[in-house]
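# Architecture at a glance
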Amino acid sequence: MHGPHHPKKREAFNTNFDLANCTSEESYYTSTMSDDNTHLLAELSAFCKSDSLSEDGLREIIQRHGWSPNHPTIPYDFFLSACSNERVTEGIIRYLLLTFPGAGTFIDDVERHSALQKICHNSNVTLGMVQLLLDAFPESVCTQDVYDAMPLNTFCCFTNNLDDEVAVDILKLLLERCPESARYTIYDGSLPIHLASGAGKKSPEFCRLLIEAYPRSERLTDGTGKLPFHEACKHNTVATAKYL
């Protein structure tokens with residue numbers, strides 16, 4: 001279903017993925033953890049947001065603090081931060097998932113973002129990263145955030161500098177795991193095809209796969225009355241506009 005157009009909500013959708021979330025739940029868990037675990041999480045949080053993020057650095061921090069998962073539930077916001085960081089690698093994600101098994105299924109309380117949502121916004125995302133996160137939390141591919149976006153919506157709207165071959169491979173995987181996601185709109189009525197042909201600046205082949213997954217979607221308007229063709233023209237994606 002198409003929803004109303006909310007400029008403020010669109011602005012938030014376009015900018016809030018990289019913001020750190022500090023929720024009351026996080027504060028509760030932090031306050032009930034041991035001092036060692038509190039210090040570890042504080043250091044991990046800062047490091048995962050930094051330009052120095054590396055697998056060796058993470059190992060050093062975790063080994064220095066002598067991490068042991070003796071607390072039943074901890075906030076894994078640092079894992080979401082790592083997935084948002086353009087320095088993240090498949091090795092980093094794999095190591096954090098092995099060290100903190102609960103991190104893979106963590107969803108923040110503010111915007112309802114999973115790690116898969118975060119990585120689908122990252123311009124350095126790889127097929128391997130998406131596969132790791134899908135294996136850790138298969139249901140996340142069909143989970144919507146507070147903007148009604150599934151990971152596919154997010155991936156179509158962002159990552160506009162991603163190599164086309166990589167983008168197409170990731171798209172195929174997301175559609176394979178959740179075919180119906182091609183039919184889901186975000187809050188303003190935009191389908192994945194609107195987002196991909198417009199702000200996402202995706203290729204004709206990328207858009208062809210979306211239309212194949214949702215036939216005739218190129219003829220549907222968003223909540224403001226725009227076709228995917230209009231979005232492609234607006235964002236000067238000439239080849240995609242010609243295809244549409």
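The text that follows walks through the structure, step by step, so that each part is easy to find.

Scoring rules and cut-offs
Residues numbered from 1 in each chain as written. Predicted model: local features only at pLDDT ≥ 70, side-chain atom pairs only at ≥ 80, totals over all residues. Heavy atoms only, no water. Helix = DSSP H or I, 4+ residues; strand = E, 2+ residues; numbered from the N terminus. Buried < 20%, exposed > 50% of the residue type's maximum accessible area, 1.4 Å probe, protein only. Contact = heavy atoms within 4.5 Å. Areas by Shrake-Rupley, 256 points an atom, 1.4 Å probe, with all protein chains shown as cover. Arc of directions from axis to C-beta. Polar contact = N/O pair within 3.5 Å; in protein donor to acceptor, adjacent residues only side chain to side chain. Axes fitted to C-alpha atoms, helices over the stretch in contact; angles between N-to-C directions. Parallel < 35°, antiparallel > 145°, perpendicular 65-115°, else oblique. Nonpolar A, V, L, I, M, F, W, Y, C, P; charged D, E, K, R; others polar.

### Observations concerning the overall build of the chain
The helix and strand inventory of the chain stands at 14 helices and 0 strands. Reading the helices (α) and strands (β) of the chain from amino to carboxyl end gives α-α-α-α-α-α-α-α-α-α-α-α-α-α. The proportion of buried residues among the 244 residues of the chain is 51%. Pairs at least 24 residues apart make up 75% of the contacts formed inside the chain by residues separated by at least 6 positions. Accessible surface for the chain amounts to roughly 11,200 Å². Of this, 51% is attributable to carbon and sulfur atoms.

### Considering helix α4 (residues 55–65)
What α4 keeps buried is the set Gly57, Leu58, Ile61 and Ile62. Axial view of α4: buried residues confined to an arc of 125°, hence all on one face. More than 90 degrees from the buried face of α4, the exposed residues found are Asp56 and Gln63. At the N-terminal boundary of α4, the capping side chain belongs to Ser54, with an oxygen 3.0 Å from the backbone nitrogen of Gly57. Two residues or fewer past α4, Gly66 is found with a positive phi of approximately 60°.

### As for the packing of helix α5 (residues 77–84) against helix α6 (residues 90–99)
Contact pair α5 / α6: the axes reach a minimum separation of 10 Å and the direction vectors enclose 170°. When the axes of α5 and α6 are compared, the pair comes out roughly antiparallel. Across the interface between the two elements, Phe78, Phe79, Ala82 and Cys83 of α5 pack against Ile93, Leu96 and Leu97 of α6. The residue makeup of the contact of α5 with α6, split by class, is 7 nonpolar, no polar and no charged.

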